[in-house]
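If you want the building blocks of each chain, they are given just below.
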Amino acid sequence: MKERIRFIINPISGVGRKNTIPPMIESHLDKERFDYDIMYTEYKQHARELALQASEENIDIVCAVGGDGSVHEVGTALIGTKTKLAIIPTGSGNGLARHLNIPLGIKDAIYCINFSKCIEMDTVLVNDKSFLGVGGYGLDAVVAKKFDEHHKRGFINYIYLTIREFFRFNPMNVSIDVDGKVKTLPVVLLTVANSSQFGNGFTVSPKSDVTDGELELVVLKPFSLWHIPSLVFRFFSKKSDRSPYSEVISFKNAKIQSSRQLAHYDGEPMDVLSELNVSVVPKSLNIVVGKSRK
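Summarised in this report is the structure supplied together with it. (Residues numbered from 1 in each chain as written. Predicted model: local features only at pLDDT ≥ 70, side-chain atom pairs only at ≥ 80, totals over all residues. Heavy atoms only, no water.)

1. Notes on the packing of aromatic side chains
The tally for this structure, following the rule as stated, stands at 5 aromatic pairs. With a centroid separation of 6.1 Å and an interplanar angle of 80°, the aromatic rings of Tyr137 and Tyr265 are classed as edge-to-face. With Tyr137 in the loop between strand S7 (134–136) and helix H6 (139–149) and Tyr265 in strand S16 (residues 262–265), this pair connects stretches of sequence that are 128 residues apart. Tyr137 sits in the buried class, given a relative accessible area of 1%. A network of ring pairs unites the aromatic residues Phe131, Tyr137 and Tyr265 as a single cluster. (Phe/Tyr/Trp six-rings, centres within 6.5 Å; stacked < 30°, edge-to-face > 60°. Helix = DSSP H or I, 4+ residues; strand = E, 2+ residues; numbered from the N terminus. Buried < 20%, exposed > 50% of the residue type's maximum accessible area, 1.4 Å probe, protein only.)

Here's what the structure looks like:
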């Protein structure tokens, strides 16, 4: 019996390519193995609704075609189900896809689905909200919100907003409780990492592994302007954890209190409570990964 796969396409993500994706699926998907259909999102959270519907129909694989936001909506809907998540990355950052060695080219990503190498990955639960890869409560949350509101997409615009908001940002005060050990300090970034990067190779937690049953809490302390070039280099060369301004704490459960009630989860901005209970949910999502991933 053939497996059933549903492609959920965000028509806004990857503008200019949306009309080419259905013919590429038809040309390159292994139709001896799969029966497929395609649905398009029409509004925010629509991808989540479509993914929930697919899991209730016992669809074998749901493929998110879009950026990190689309992957977040589809993936969080599939947590705890038997339905597998696949990704065709067409967004600006594609952080989780890069971490899992999923090809960024559409044709190669479809071939990756044909190969269907799967893992059971951990996910993250914060109070009553789930996410897949990376979440944050500092400067990255502010930038995510501004990027969501911005009329232009793309990596260049993301860099522009990051630089602009950095010069406006004042360090936030946080209290972190891991296994009863509490520390209070000002931070620029406070990132919960299940996977390693925000996207575009910007690696915030080089040693994070989505299958190890742990999370990393990445703390970036205030620093002077003179250190920006070296910090940027460290983030893009996967050495951010070696900075004297960075601290990485591995954990399974943590409590965080923050002076700001803004977060991003997988790049999606949202308002949150000042007290956050963060925990790893081991092996809670079945996901198709790149062939080269160990």
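Once you've had a look at it, read on.
2. What to know about helix H1 (residues 21–28)
Looking only at H1, the buried set comprises Ile21, Pro22 and Ile25. The arc that holds every buried residue of H1, seen down its axis, measures 105°, which confines them to one face. Elements in contact with the buried residues of H1: strand S1 (3–9), strand S2 (34–40), strand S3 (61–66) and helix H5 (106–115). (Arc of directions from axis to C-beta. Contact = heavy atoms within 4.5 Å.)

3. Remarks on a nonpolar patch on the surface
Together, Ile159, Ile163, Phe167 and Leu225 make up an exposed nonpolar region whose accessible area comes to about 390 Å². In this fold, Ile163 is placed in helix H7 (residues 155–166). (Patch = residues over 30% accessible without salt bridge, like charges linked within 9 Å, V, L, I, M, F, W, Y side chains within 5 Å. Areas by Shrake-Rupley, 256 points an atom, 1.4 Å probe, with all protein chains shown as cover. Salt bridge = Lys/Arg side-chain N within 4 Å of Asp/Glu carboxyl O.)

4. Focus: the pattern of salt bridges
Inspection of every chain in the model, using the stated rule, returns 9 salt bridges. Across the salt bridge formed by Arg33 and Glu3, the nearest N and O atoms sit 3.0 Å from each other. Remark: Glu3 occurs in strand S1 and Arg33 occurs in the loop between H1 and S2; sequence separation between them is 30 residues. Taking the relative accessible area as the measure of exposure, Glu3 reaches 18% and is therefore buried. Note that Glu26 is salt-bridged to Lys31, the shortest N-O span being 3.9 Å. Judged by its relative accessible area of 31%, Lys31 falls in the partly exposed class. Put simply, Arg6, Asp37 and Glu57 are held in one network by salt bridges that share partners.

5. Points about the side chain of Ser246
Locating Ser246 in the fold gives a position in strand S14 (residues 246–251). Overall, Ser246 belongs to the buried group, its relative accessible area being 14%. One polar contact links the side chain of Ser246 to the main-chain carbonyl oxygen of Ser240, over a distance of 3.4 Å. Once you skip the residues sitting within four places of it in the chain, Ser246 turns out to touch Val218, Val219, Leu220, Ser240 and Asp241. (Polar contact = N/O pair within 3.5 Å; in protein donor to acceptor, adjacent residues only side chain to side chain.)

6. Observations concerning the nonpolar core
By size, the foremost hydrophobic cluster in this structure holds 44 residues, and its most contacted members are Tyr137, Leu190, Val192 and Val278. Excluding residues within four positions of it along the chain, Val278 makes contact with Val124, Leu125, Val126, Val192, Leu215, Phe251, Lys252, Asn253, Ala254 and Ile256. Core analysis: the second largest hydrophobic core is formed by 25 residues, Leu50, Val74, Ile87 and Leu132 among them. (Core = buried A, V, L, I, M, F, W, Y, C linked by side-chain atoms within 4.5 Å.)

7. Thoughts on the layout of surface pockets
The volume enclosed by the second largest pocket comes to roughly 310 Å³. Lining of the second largest pocket is provided by 13 residues; of these, Gln45, His72, Lys129, Ser130 and Met270 occupy positions nearest its centre. Contributing elements (two or more residues each) for the lining of the second largest pocket: helix H3 (68–78), strand S6 (129–131) and strand S17 (268–271). Here the lining of the second largest pocket is built from residues that sort into 2 nonpolar, 4 polar and 7 charged. (1 Å grid on protein atoms, 1.4 Å probe; cavity = no way out; pocket = protein on both sides within 12 Å on 5 of 7 lines; lining within 4 Å. Points joined across faces, edges and corners; volume = space filled by probe spheres on them. Nonpolar A, V, L, I, M, F, W, Y, C, P; charged D, E, K, R; others polar.)

8. As for the environment of Leu125
Topologically, Leu125 is positioned in strand S5 (residues 117–126). Spatially, the C-alpha atoms of Leu125 and Asn200 are 25 Å apart, while their sequence positions differ by 75 residues. Those residues in contact with Leu125 that sit more than four places away from it in its chain are Ser130, Asn277, Val278, Ser279 and Val281.

9. Concerning the side chain of Asp266
Structurally, Asp266 can be placed in the loop between S16 and S17. The charged side chain of Asp266 is buried without a salt bridge, its nearest counter-charge being Arg48 at 9.7 Å. At 2.9 Å, the side chain of Asp266 and the backbone nitrogen of Leu132 are in polar contact. When residues no more than four places from it in sequence are discounted, the contact partners of Asp266 are Asp68, Gly69, His72, Phe131, Leu132, Gly133 and Val134. (Lys, Arg positive; Asp, Glu negative; His and termini not counted.)

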